[in-house]
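# Structural features, examined
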Amino acid sequence: MAHVSQRTGFNGSALVCVLSRLTGTEVRESGQATADRLSQWFGWTDAISLSAALNGGLAPAPAGARASSSAEEGEYARVRTALKNAIAEDGLSTTDKEGRRLRASTPGDTAATTAAFKPYRQRYLAQQQAMESSIAPLRSRLRAALAARSPAMARLAAVDVVMEQVLGARERSLLTAASAGLARHFERLRQAAQASIDPGDTTPPGEWLDLFCKDMQDLLLAELDFRMQPIEGLLEALRMRPPDCHE
């Protein structure tokens, strides 16, 4: 059975909750309605694009190109499973040399922290890029499947294109904040570990790095859920029975 995420408000999403936990920042639910907040993100050119999408739609797929929802469900499950497995299997161990360098550096040493965090940042960015390169084609495929269903579904697919353009900047800002928050979390854990060890002990750090790697994995899985929400919305539309009335 395909995974179904438990959708919540933006501030209650798993990604925002994990970021709040790692950064120690309280996220308060906005008193504004979702529609009111969305309206603040639309410029006049976005409004024109949205109006065009509602009045038009994506070009219909060629005859015979209609795909069953089960085929799309299967592709969604395949992509999601592959990305989730890649995150789970992407363990990053610390060598003895790296461990000694982390212990030798002093808390607050920005250069040492940057160098120590670099391999983790590179791995995190690689996972983000893998998600983007896998999910974008899947989203396009689902839009095409919707456009082949009916004019109403084609309009929905066109609206999704506009929403991706409008919300893309907000999404990139949030995901950039995730990477920056992870770096600060790394330094906090490192400082706490250094403050509690014997200065003469040169054994590699263990527990705090294990905790950090688990937190990084949790953040990536939350990001995967976040990125998959539009996909799941399109899938839900595909599961709907086409209206009997003529449009």
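Residues numbered from 1 in each chain as written. Predicted model: local features only at pLDDT ≥ 70, side-chain atom pairs only at ≥ 80, totals over all residues. Heavy atoms only, no water.

### A short note on the overall build of the protein chain
In terms of helices and strands, the protein chain carries eight helices and zero strands. Restricting the contact set of the protein chain to residue pairs at least 6 apart, pairs at least 24 apart contribute 87%. Accessible area for the protein chain stands at about 13,900 Å²; split by element, carbon and sulfur atoms hold 56% of it. (Helix = DSSP H or I, 4+ residues; strand = E, 2+ residues; numbered from the N terminus. Contact = heavy atoms within 4.5 Å. Areas by Shrake-Rupley, 256 points an atom, 1.4 Å probe, with all protein chains shown as cover.)

### Quick word on helix 1 (residues 14-23)
All of the buried residues along helix 1 are Leu-15, Val-16, Val-18, Leu-19, Ser-20 and Leu-22. In this structure, the buried residues of helix 1 make contact with helix 7 (151-195) and helix 8 (207-239). Backbone geometry just downstream of helix 1 places Gly-24 in the positive-phi region, at approximately 70°. (Buried < 20%, exposed > 50% of the residue type's maximum accessible area, 1.4 Å probe, protein only.)

### Structural notes on the nonpolar core
Within the largest apolar cluster, 43 residues are counted, with the highest numbers of intra-cluster contacts made by Leu-15, Tyr-120, Leu-182, Phe-186, Phe-212, Leu-219 and Met-228. Those elements that provide at least two residues to this core are helix 1, helix 4 (69-88), helix 6 (110-147), helix 7 and helix 8. The element best represented in this core is helix 8, accounting for 16 residues. (Core = buried A, V, L, I, M, F, W, Y, C linked by side-chain atoms within 4.5 Å.)

### Remarks on the confidence of the model for the protein chain
Model confidence for the protein chain is summarised by a mean pLDDT of 75, while 62% of its residues fall at 70 or above. Helix 4 holds the highest mean pLDDT among the elements of the protein chain, 92, whereas helix 5 (residues 96-104) holds the lowest, 50. (pLDDT = per-residue confidence, 0-100.)

### So, the pattern of salt bridges
By the definition in use, this model includes 15 salt bridges. With its nearest N and O atoms 3.9 Å apart, the salt bridge here joins Glu-75 to Arg-141. Taken together, the positions of Glu-75 in helix 4 and Arg-141 in helix 6 put the pair 66 residues apart, joining distant regions of the chain. Among the residues examined, Glu-75 registers a relative accessible area of 19% and is labelled buried. A salt bridge links Asp-218 to Lys-214; the shortest N-O distance between them is 2.8 Å. With Asp-218 and Lys-214 both in helix 8 and four residues apart, this pair spans about one turn of that helix. One continuous salt-bridge network, built from bridges that share partners, spans Arg-21, Lys-214, Asp-215 and Asp-218. (Salt bridge = Lys/Arg side-chain N within 4 Å of Asp/Glu carboxyl O.)

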